[in-house]
Amino acid sequence: MSEADCIFCKIGRGEIDAEVVHDEDDVLAFKDINNKAPVHLLVIPRQHVANLEEIGELPDGVVKRLFEVSSAVAEKFDVTEGGYTVRVNNGRDAGQEVFHLHLHVMGGRKLGMP
Ligand code: 5GP
Ligand code: ZN
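What you are looking at is a predicted structure, and each value in this text was computed from that prediction instead of being measured.

### What about the overall build of the protein chain?
Scanning the protein chain from terminus to terminus reveals two helices and five strands. Ordered by position in the sequence, the α and β elements of the protein chain form the string α-β-β-β-α-β-β. A compact globule built from 114 residues should have a C-alpha radius of gyration of about 13 Å, and the protein chain, at 13 Å, falls within 12% of that. If one aligns the C-alpha atoms of the protein chain with their principal axes, the spans along those axes are about 35 × 30 × 30 Å. Looking at the 114 residues of the protein chain, the share that counts as buried comes to 38%. Carbon together with sulfur atoms contributes 49% to the accessible area of the protein chain, which is approximately 6900 Å² in total. For the protein chain, the distance from the average site of its 12 positive side-chain charges to the average site of its 20 negative ones is 6 Å.

Structure representation (structure tokens):
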């Protein structure tokens, strides 16, 4: 999967529409198109990395920012008090569909382990 074809890179470049909820230089957050919880957001680095095996390619500050932005959007969507899940589906057995690293931020209902 090249950056040219990657759906989340396209969202990052504004070539595909998404409901963006947080936008900054290195990190973007938008609503999941097929939400599996009342609040279901995706937080991505703008730089294309496929999965956690490639996370070393991201500057340390961007890795930290992914989590800070996850917390910020959880706050924005009012799920901080009730709690929320931050999840990475990494690879085949986890059902990863989009091979651009992303954090799912889900809340607004009780969320257990799978
Ligand atoms: P994963 O790769 O972690 O299993 O899931 C990818 C997630 O991206 C899914 O929850 C799916 O609904 C979401 N998704 C796939 N394509 C698009 C899209 O074009 N726009 C948005 N906003 N979400 C998408
Ligand atoms: Zn990408």
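### Things to note about the coordination of the zinc ion (ligand 2)
Taken together, C6 (SG), C9 (SG), H48 (ND1) and H100 (ND1) make up the full set of protein donors to the zinc ion (ligand 2), lying 2.0 to 2.3 Å away. Coordination geometry of the zinc ion (ligand 2): the four donor atoms subtend angles of 107 to 116° at the metal centre, consistent with an arrangement described as tetrahedral. Counting along the primary sequence, the residues that act as donors to the zinc ion (ligand 2) give the motif C-x2-C-x38-H-x51-H. Of this pair, C9 sits in helix 1 (residues 7-13) while H100 sits in the loop between strand 4 (84-87) and strand 5 (103-107); the two residues are 91 residues apart in sequence, bridging distant segments of the chain. With respect to burial, C9 and H100 carry one shared label: buried.

### Description of the nonpolar core
With 17 residues, the main nonpolar core has V43, L66 and V73 as its most contacted residues. Elements with a contribution of two residues or more to this core: strand 2 (27-31), strand 3 (39-45), helix 2 (60-76) and strand 5. Considering every element that reaches this core, the biggest residue donor is helix 2, with five residues. With residues up to four places along the chain from it excluded, the contact list for L66 reads V27, V43, I44, P45, L58, L101 and L103.

What counts as what
Residues numbered from 1 in each chain as written. Chains lettered and ligands numbered in written order. Predicted model: local features only at pLDDT ≥ 70, side-chain atom pairs only at ≥ 80, totals over all residues. Heavy atoms only, no water. Helix = DSSP H or I, 4+ residues; strand = E, 2+ residues; numbered from the N terminus. Rg over C-alpha atoms; globule rule 2.2 N^0.38 Å. Buried < 20%, exposed > 50% of the residue type's maximum accessible area, 1.4 Å probe, protein only. Areas by Shrake-Rupley, 256 points an atom, 1.4 Å probe, with all protein chains shown as cover. Lys, Arg positive; Asp, Glu negative; His and termini not counted. Charge placed at Lys NZ, Arg CZ, Asp CG, Glu CD. Donors = N, O, S within 2.8 Å, 3.2 Å for Na, K, Ca; no water. Tetrahedral: all angles 85-135°; square planar, octahedral: opposite > 155°, others 65-115°. Core = buried A, V, L, I, M, F, W, Y, C linked by side-chain atoms within 4.5 Å. Contact = heavy atoms within 4.5 Å.

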